[in-house]
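So you can see what is in the structure, the chains are spelled out below.
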Amino acid sequence: MLQLKNIDKYFADRRIFSTIDWHIRPTDRIGLCGENGAGKSTLLKLLAGLVESDGGVLQIAKGTTFGYLPQDGLTHRGCSLFVETQSALADLQRMESELRQLEKKISGVAEAFELERYAELQQLFEERGGYQMESEAGRVLHGLGFSADDFDKPCETFSGGWQMRIALAKLLLQKPNLLLLDEPTNHLDLPARDWLEDYLLNYPYAMVLVSHDRFFLDTVVSKIVEIWNGNLTAYPGNYSRYIQVRDERIIALKAAKQQQDEEISKIESFISRFRYQANKASQVQSRVKQLEKIERISLPPQRKKIAFSFPAPPKGGRFAVSLNRASQHYENLKVLQHVDVSVEQGERVALVGPNGAGKSTLMRLLAGVESPVSGERIEGHNLLQAYFAQNQADELDSGRDVYAEIMADSPVAMVPKLRNILGAFLFSGDDIEKSVKVLSGGERNRLALAKLLLRPANLLLLDEPTNHLDLQSKQILLDSLKKYQGTIVFVSHDRYFVDALATRVLEVGAGKVESYIGNYEDFLRTKESSGDSSHSTNRVEQLIGKIFSEEPSTDKQARIQAHSVRKDQQRREQKQLKELTKVEGNIETLEEQLAGLEQRMADPEIYQDQEQWRQVSADHVSLKKNLDALYLQWETLQN
């Protein structure tokens, strides 16, 4: 559907892309990876037509539609949230308006062409989901974390992160056949990320995305394209597979480069030795030409292995900190109501819940920077805490440079490690001499986090420490926190980070705090199983209990009726199993048909025949619609 041929791109005298070739197919799910500044965002803008190449050709199949989400900078104003979101469906709204006008004419005296137009338009409106557009808009907004109360609020009342959610909602509703997403999870909490993952897994068209969320990349994409040194290298599979294959490729490249270097050294040695001997002139010339023809092997970058360890924390008591019947209100807003929280030494506790649920409020209560309106906070023996707030960067001294700022509060024992620590948080080379006052918001946050982790503490309270960190920096921080011997309470919207670090999850919402042992995956599994059990409480047992409680009733009558209930239940289950088997067979058949059709759609030649492409596209939409209906039927039978 889209092909890049010999694309060059420069910024000033720096070459970003060097004669790259790339082909994006109709159902590709691609994650872009590479160092900061490698050109990931530039490539997305180039694909979206927002940036022009400095050479080469960008070929786009007819009918390709693009949807581009930048990292930030989008604002919406002038109407309510729901009206703004529905504006993404302007074509459907125009169709609906025309249908209403035609209906008025048809109710009186209508021309034949008007009846024909009405029938044609109604079919198209239905095929494109026009009758479900309001419910679909509501579903997407709910999935991205908006409540029904938000729908009528003016768009300008929403903050920057929520503005990006509005933009993402509009983009998903438009369903472009090439979705270009630059850090789509930046402003999403964990529930919204989970929803977006599921949505994108079922997205029927191509997508190219940039993300620093490893779990998201592992779940959503099926191919990684690495940008390095102006070139693109494709790796099949998700991010974890890419890391494995890339390491294997680098090992092989190193061996090949060593062999090539040895061969080049021999050739250069021969040329140098016999350059001025007339009887060897032809052989020397042959070696020179041979040397010129060698395509030198370049190794992808291997960032320096950076690791740091926290200072040994002072020993504390069994409990680090507790809240007893604590409540927190802000005027009429009751965020937390009579919550009991106890954090034991050595625990790694993740606070989860949607934005606005009260996670940061709970963190401030635990840190003691806010006092509850009722209840109490109890510190454990010998507590020494370090608290990283979302606005921690405001505490930095703008009159210093980066190195001076981190050194000002560093214990003497940590001074030799400061450059390594700064490198882990993406400050390297001349970056450490930057003035704090010229740092971006993300850079200020990273520096504030680096400073906080220098001093010994037996309780770390970290509110979104993974914001503005790339994948490797998150991994460095994660590895260090895993080795940390104290207690950690943290908020993070990075699913991989939470899964790898948490030993307990506290779910915050509706004024309450619920505790779950394990990481986020364990938490979801527990929620799902408890939801199933509450939803499908054994109806047989309920009926049997009812039978035994009814009067008058003999034991024999009760056993007979209970047996009858069990037999009815068995018959229903057998019937359900039969239907389930049939649906699964139909799903398998349709999936095979869909795979065959998508293989045809991957053939570039099909785009040359417009009629054939329209027919194949229509068949694809029809198959997906039927398959979605079967999946819904399958889910219903499973419950």
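This text gives an overview of the structure that appears in the document. For every chain, the first residue of its written sequence is number 1, and the numbers climb from 1 along that sequence. Local features in this predicted model are restricted to residues whose pLDDT is 70 or higher, and side-chain atom pairs enter the listing and the counts only when it is 80 or higher, whereas totals over whole chains, interfaces and linings include all residues. Side-chain numbers come from the whole structure's heavy atoms, not from hydrogens or water.

As used here, the term nonpolar core means buried Ala, Val, Leu, Ile, Met, Phe, Trp, Tyr and Cys residues forming a set that is joined through side-chain atoms within 4.5 Å. Partly exposed describes any residue whose relative accessible area lies between the buried limit of under 20% and the exposed limit of over 50%, with all areas from a 1.4 Å probe on protein chains only and scaled to the type maximum. Counting 51 residues, the largest nonpolar core has Phe 146, Leu 172 and Leu 200 as its most contacted members. Among the elements that line this core, the one with the most residues is helix H6 (residues 160-174), at nine residues. Those residues in contact with Phe 146, other than ones at most four positions away along the chain, are Leu 81, Leu 141, Phe 151, Phe 158, Trp 162, Arg 165 and Ile 166. Of all hydrophobic cores here, the second largest spans 45 residues; its members include Ala 424, Ile 476, Tyr 484 and Phe 497. Numbered from the N terminus, helices here are DSSP runs of H or I no shorter than four residues, and strands are runs of E no shorter than two. For this analysis, residues touch if any pair of their heavy atoms sits within 4.5 Å.

Here we come to unusual backbone geometry. Positive phi outside glycine occurs at Glu 464, with the angle close to 55°. As for its position among the elements, Glu 464 is in the loop between strand E15 (459-463) and helix H15 (471-483). For Ala 510, which is not a glycine, the phi torsion comes out positive at approximately 55°. Take Ala 510: it is sitting in the loop between strand E17 (504-509) and strand E18 (512-517). Taking relative accessible area as the criterion, Ala 510 reaches 77% and is therefore assigned exposed.

With six bridges joining them, E17 and E18 adopt antiparallel strand pairing. Within the sheet, the bridge partner assigned to Val 508 lies in E18 and is Val 513. For two strands to count as paired, DSSP must find a minimum of two bridges between them.

Let's shift gears to the side chain of Asp 470. With respect to the helices and strands, the residue Asp 470 is situated in the loop between E15 and H15. When its relative accessible area of 6% is taken as the criterion, Asp 470 is described as buried. A distance of 2.8 Å separates polar atoms of two side chains, one belonging to Asp 470 and the other to Ser 473. Think of a polar contact as two N or O atoms within 3.5 Å of one another; within protein, one of them needs to be a possible hydrogen donor and the other a possible acceptor, and neighboring residues in sequence only count if both atoms come from side chains.

Further remarks concern the sheet that holds strand E6 (residues 178-182). A sheet is described by the order of its strands in space; here six strands give the open sequence E5-E6-E7-E3-E8-E9, paired in mixed fashion. One side of each edge strand has no neighbouring strand; the edge strands of this open sheet are strand E5 (66-69) and strand E9 (231-236). Between one strand axis and the next, the sheet turns through 20° on average, direction left out of account. Here strand E3 (residues 29-34) pairs with strand E7 (residues 206-210) via four bridges, running parallel. Directly across from Ile 30, in E7, lies its bridge partner Val 208. Orientation is described by axes fitted as lines to C-alpha atoms, over the contacting stretch for helices, and by angles from 0 to 180 degrees between their N-to-C directions.

So, on to helix H14 (residues 441-452). Taking 1.5 Å per residue as the helical rise, H14 with its twelve residues ought to reach 16 Å, and the 17 Å between its terminal C-alpha atoms agrees with that figure. Summarising burial for H14: eleven of the twelve residues are buried, a large majority. Residues of H14 that are buried in the fold lie against strand E14 (385-388), helix H12 (402-408), helix H13 (418-424), E15 and H15. One less than the residue count of a helix, multiplied by 1.5 Å, gives the span that helix is expected to have.

The next point concerns the packing of aromatic side chains. Only Phe, Tyr and Trp rings are paired, with Trp represented by its six-membered ring, and only when their centres lie within 6.5 Å; those with planes under 30 degrees apart are stacked, over 60 edge-to-face, the remainder tilted. The tally for this structure, following the rule as stated, stands at twelve aromatic pairs. Plain terms: the ring middles of Phe 490 and Phe 497 are 5.9 Å apart, the flat faces sit at 80° to each other, and that makes the pair edge-to-face. Classification of Phe 490 as buried rests on a relative accessible area of 1%. Members of the aromatic cluster, connected to one another through ring pairs, are Trp 195, Tyr 199, Tyr 203 and Tyr 205. Directly above the aromatic system of Trp 162 lies the positively charged group of Arg 165, at a separation of 4.0 Å from the ring centroid. Geometrically, a charge over a ring is one whose NZ (Lys) or CZ (Arg) sits within 6 Å of the ring centre while staying within 35 degrees of the ring normal.

Our focus in this paragraph is the packing of helix H5 (residues 133-143) against helix H7 (residues 190-201). Running from N to C, H5 and H7 cross one another at 135°; their axes reach a closest spacing of 8 Å. Taken together, the axes of H5 and H7 are oblique relative to one another. Between H5 and H7, the residues in contact are Glu 136, Arg 139, Val 140 and Gly 143 and Ala 192, Trp 195 and Tyr 199, respectively. Split by residue class, the contact of H5 with H7 holds four nonpolar, one polar and two charged. For classification purposes, angles smaller than 35 degrees are called roughly parallel, those larger than 145 roughly antiparallel, those between 65 and 115 roughly perpendicular, and all remaining angles oblique. Residues are grouped as follows: nonpolar covers Ala, Val, Leu, Ile, Met, Phe, Trp, Tyr, Cys and Pro; charged covers Asp, Glu, Lys and Arg; every other residue, Gly included, is treated as polar.

Glancing now at the packing of H6 against H7. The geometry of H6 relative to H7 is characterised by a closest axis approach of 13 Å and an angle of 20° between their N-to-C directions. It follows from the interaxial angle that H6 and H7 lie roughly parallel. Regarding H6 and H7, the two cross each other, and that crossing is left-handed. Contacts from Arg 165, Leu 168 and Leu 172 of H6 reach H7 at Ala 192, Trp 195, Leu 196, Tyr 199 and Leu 200. Less than a right angle of anticlockwise turn of the near helix away from the far helix marks a crossing as left-handed, whereas a clockwise turn marks it as right-handed.

Two side chains that carry opposite charge are able to pair once their charged atoms sit near each other. By definition here, a salt bridge exists when the distance from a side-chain nitrogen of Lys or Arg to a carboxyl oxygen of Asp or Glu is within 4 Å. A complete count under the given rule lists 29 salt bridges for this structure. With a shortest N-O distance of 2.9 Å, Arg 117 and Glu 98 are connected by a salt bridge. Highlighted residues: Arg 117 in helix H4 (residues 112-127) and Glu 98 in helix H3 (residues 90-107), separated in sequence by 19 residues. Under the relative-accessibility criterion, Arg 117 is labelled partly exposed at 30%. Classification of Glu 98 by relative accessible area gives partly exposed; the value is 27%. Residue Glu 379 is joined to Arg 377 by a salt bridge in which the shortest nitrogen-to-oxygen separation is 2.9 Å. The class for Glu 379 is partly exposed, based on a relative accessible area of 47%. Overall, Arg 377 belongs to the partly exposed group, its relative accessible area being 23%.

On to the sheet that holds strand E1 (residues 2-11). Judged by pairing direction, the sheet is antiparallel, and its three strands sit side by side in the order E2-E1-E4 without closing on themselves. Pairing within the sheet leaves two strands with one partner each, and these edge strands are strand E2 (14-24) and strand E4 (55-60). Strand-to-strand twist in this sheet, taken as the mean axis angle between neighbours without regard to direction, amounts to 20°. Pairing of E1 with E2, which is carried by seven bridges, proceeds in the antiparallel orientation. Within E2, the residue paired with Lys 9 across the bridge is Phe 17. Docked against the sheet, helix H1 (residues 40-48) engages E1, E2 and E4, running at close to 125° with respect to E1.

So, on to the side chain of His 76. In this structure, His 76 sits in the loop between E5 and helix H2 (81-86). Under the relative-accessibility criterion, His 76 is labelled buried at 9%. With near-sequence residues (within four places) excluded, His 76 lies in contact with Glu 84, Cys 155, Glu 156, Gln 163, Ile 166, Ala 167 and Lys 170.

All quantities given are derived from atomic positions and should not be read as evidence of function.
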